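Each chain, letter by letter, is given below.
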Amino acid sequence: MNGLNEKVALIFAGSRGIGRATALGLAKEKAIVGVGYVSNKEAANEVVSAIELAGGTAYAFHSGGITNDSASQVESTHGGLPDSMKR
């Protein structure tokens, strides 16, 4: 993966399994990673902590479906959404 420096990646099931591995891999490539969870916020926070300990940037968000609130969280945290994510 090239060119992910400071790009925002939202992983909607990022707290376990393949989603966790994907979140960690994207963070290793310097992406800012949103780690989504439905019911296990603690697991998502563990992934965020692992990313931050490795020097990356990440945050957890509730991903029971993208809502205006979760989009606003990304926007306020990272200065805006990419055009491809805007409706």
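Relevant structure appears above.
Residues numbered from 1 in each chain as written. Predicted model: local features only at pLDDT ≥ 70, side-chain atom pairs only at ≥ 80, totals over all residues. Heavy atoms only, no water.

Undergrad: Just to check I follow, could you spell out the environment of Ala31 for this structure?
TA: Mapped onto the secondary structure, Ala31 falls in the loop between helix H1 (17–28) and strand S2 (32–37). Ala31 sits in the buried class, given a relative accessible area of 3%. Residues contacting Ala31, with those up to four places away along its chain left out, are Leu4, Lys7, Ala9, Leu26 and Thr57. (Helix = DSSP H or I, 4+ residues; strand = E, 2+ residues; numbered from the N terminus. Buried < 20%, exposed > 50% of the residue type's maximum accessible area, 1.4 Å probe, protein only. Contact = heavy atoms within 4.5 Å.)

Undergrad: Can you help me understand the pairing of strand S1 (residues 8–11) in this one?
TA: Along any regular strand, the residues point their side chains to alternate faces of the sheet. When S1 meets S2, the two strands line up parallel, connected through 4 bridges. Across the sheet, the residue bridging to Leu10 is Gly34, located in S2. The parallel pair S1 and S2 is bridged by H1, and the resulting crossover is right-handed. (Pairing = 2+ DSSP bridges. Right-handed = clockwise from strand over helix to strand, strands pointing away.)

Undergrad: Before we go on, may I ask you to explain the packing of aromatic side chains in this structure?
TA: Here a ring pair, both rings aromatic, is described through the centre-centre distance and the interplanar angle of the planes. Using the criterion set out here, one finds 2 aromatic pairs in the structure. Judged by centre distance (5.4 Å) and plane angle (90°), the ring pair of Phe12 and Phe61 falls under edge-to-face. Here the residue Phe12 occupies a position in the loop between S1 and H1, and Phe61 occupies one in strand S3 (residues 57–62), the gap between them amounting to 49 residues. Given the relative accessible area of 35%, Phe12 is considered partly exposed. With a relative accessible area of 4%, Phe61 lands in the buried category. (Phe/Tyr/Trp six-rings, centres within 6.5 Å; stacked < 30°, edge-to-face > 60°.)

Keep in mind these values describe shape, not function.
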